[in-house]
Amino acid sequence: MLPGMTLFSVDGKTVVVTGGSRGIGKMIAKGFRDAGATVYISSRKKDELEATAAELGCHAVQADLSTAEGVETLVEAVSARESRLDVLVNNAGASWGAPLEEYPEHAFDKVWNINVKGVFFLTRRFLPLLRAAASADDPARVINVGSVDGIRVSAMEHYAYSASKAGVHMLTRHLAHRLARESITVNAIAPGPFESKMMAFVLDDPAMRGAVESQIPLGRIGRPDDMAGAAVFLASRAGAYLTGTVIPVDGGLTA
């Protein structure tokens, strides 16, 4: 290892990435695995989850984190193998788009349950393992994945999604304030456009993709290393003094 690179090392850490089978979650999981961490990924879809786990060399736990039972399934599976958890990445999420007059109540429930309630209750349930890993010199880390749509108003009618991601950002600050005394940091990453199933309907269309890229000061869609780098930074010694932050990883979009 080059001199000074231990500043950004996560080698040997234990990491859980929810929604880790595809998209941004998979980018983050791969980044941690490539950097020498032991990584657990979870998602609802078994076949996709197991395929990603085999590809990356991660542990797989099938769980629906919008339910109390799913939260318990994931925590019990990790607790059976690990005595501590260095990093929890709350990435699992859902979206729903519909015109204002047609936006269904069940869409709000679905999006809120996974994007906000799931983050809160999974973090709380993992506290014993996070506390076991925490120290003043090397805090345990919680990294929540928010969105630029929780910072600015999107052109798309994603009412519940935008509101939920703004909620994730405030929940991040609230948890950071409470858990700082226990040497657990809580930060959020707010991604801009990245290759994911959620963005595929836009980015797979050349004209729409070009329109999105034209709005980004750096002129491109986010790459896997952009997302992995932000997460690894927050989990390393380099990020140990940050808590309660929301970091846009968006090529300057929110600027």
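The structure contained in this document is the topic of the report that follows. (Residues numbered from 1 in each chain as written. Predicted model: local features only at pLDDT ≥ 70, side-chain atom pairs only at ≥ 80, totals over all residues. Heavy atoms only, no water.)

### Overview of the overall build of the protein
Line of reasoning, step 1. A tally of regular secondary structure across the protein gives nine helices and seven strands.
Line of reasoning, step 2. Computed over C-alpha atoms, the radius of gyration of the protein comes to 17 Å, within 12% of the 18 Å expected from 2.2 N^0.38 for 255 residues, which places it in the range of a compact globule.
Line of reasoning, step 3. Along the three orthogonal principal directions, the C-alpha set of the protein runs to about 50 × 45 × 35 Å.
Line of reasoning, step 4. With 255 residues in all, the protein has 49% of them scored as buried. (Helix = DSSP H or I, 4+ residues; strand = E, 2+ residues; numbered from the N terminus. Rg over C-alpha atoms; globule rule 2.2 N^0.38 Å. Buried < 20%, exposed > 50% of the residue type's maximum accessible area, 1.4 Å probe, protein only.)

### Digging into the packing of helix 1 (residues 23-34) against helix 2 (residues 46-56)
Line of reasoning, step 1. The interhelical angle for the contact between helix 1 and helix 2, taken along N-to-C directions, is 30°, at an axis separation of 10 Å. The angle between helix 1 and helix 2 places the two elements in the roughly parallel class. Crossing of helix 1 against helix 2: the hand is right-handed. Here Lys26, Ala29, Lys30 and Arg33 of helix 1 come into contact with helix 2, specifically with Thr52, Glu55 and Leu56.
Line of reasoning, step 2. Among the residues forming the contact of helix 1 with helix 2, the class breakdown is two nonpolar, one polar and four charged. (Axes fitted to C-alpha atoms, helices over the stretch in contact; angles between N-to-C directions. Parallel < 35°, antiparallel > 145°, perpendicular 65-115°, else oblique. Left-handed = near helix turned anticlockwise from the far one by under 90°. Contact = heavy atoms within 4.5 Å. Nonpolar A, V, L, I, M, F, W, Y, C, P; charged D, E, K, R; others polar.)

### A few points about the pairing of strand 3 (residues 59-62)
Line of reasoning, step 1. Direction of pairing for strand 2 (residues 38-43) relative to strand 3: parallel, over a ladder of four bridges. What sits directly across from Ser42, in strand 3, is Val61. (Pairing = 2+ DSSP bridges.)

### A short note on the sheet that holds strand 3
Line of reasoning, step 1. Taken together, seven strands build an open sheet; the order of strands is 3-2-1-4-5-6-7 and the sheet is parallel. Among the strands making up the open sheet, the edge pair consists of strand 3 and strand 7 (246-249). Averaged over neighbouring strand pairs, the angle between their axes works out to 20° when direction is ignored.
Line of reasoning, step 2. In this sheet, strand 2 lies alongside strand 1 (residues 14-18) in parallel orientation, the contact comprising five bridges. Residue pairing across strands places Val16 opposite Tyr40, the latter belonging to strand 2.
Line of reasoning, step 3. Docked against the sheet, helix 4 (residues 105-125) engages strand 1, strand 4 (87-90) and strand 5 (140-145), running at close to 165° with respect to strand 4.

### Description of the nonpolar core
Taken as a class, soluble globular proteins show a tendency for nonpolar side chains to be buried jointly.
Line of reasoning, step 1. Counting 31 residues, the largest nonpolar core has Val16, Leu65, Leu74, Leu122, Phe126 and Leu130 as its most contacted members.
Line of reasoning, step 2. Put simply, the parts of the chain that give this core at least two residues each are helix 3 (68-79), helix 4, helix 5 (127-133), strand 5, helix 6 (159-179) and strand 6 (184-191).
Line of reasoning, step 3. No other element matches helix 6, which puts five residues into this core.
Line of reasoning, step 4. Not counting residues within four places of it along the chain, the set of residues in contact with Phe126 comprises Val16, Leu74, Val75, Val78, Leu85 and Leu88.
Line of reasoning, step 5. Val17, Ile24, Ala29 and Ala230 belong to the second largest nonpolar core, which has 28 residues in total. (Core = buried A, V, L, I, M, F, W, Y, C linked by side-chain atoms within 4.5 Å.)

### Quick look at the environment of Asp137
Line of reasoning, step 1. Considering the arrangement of structural elements, one finds Asp137 in the loop between helix 5 and strand 5.
Line of reasoning, step 2. The exposed category is assigned to Asp137, whose relative accessible area is 70%.

### Quick look at the packing of helix 3 against helix 4
Line of reasoning, step 1. The contact between helix 3 and helix 4 brings their axes to 10 Å, and the two run at 35°. Along this stretch, helix 3 crosses helix 4, giving a crossing that reads as right-handed. On helix 4, the residues touching Val71, Glu72, Leu74 and Val75 of helix 3 are Phe121, Leu122 and Arg125.
Line of reasoning, step 2. Classifying every residue of the contact of helix 3 with helix 4 by side-chain character gives five nonpolar, no polar and two charged.

### Regarding the side chain of Asp149
Line of reasoning, step 1. Tracing the backbone shows Asp149 in the loop between strand 5 and helix 6.
Line of reasoning, step 2. Judged by relative accessible area, Asp149 falls into the buried class, the value being 10%.
Line of reasoning, step 3. Side chain to side chain, Asp149 and Arg152 meet in a polar contact 3.3 Å long.
Line of reasoning, step 4. In contact with Asp149, other than residues within four places in its own chain, are Ser154, Tyr161 and Ser162. (Polar contact = N/O pair within 3.5 Å; in protein donor to acceptor, adjacent residues only side chain to side chain.)

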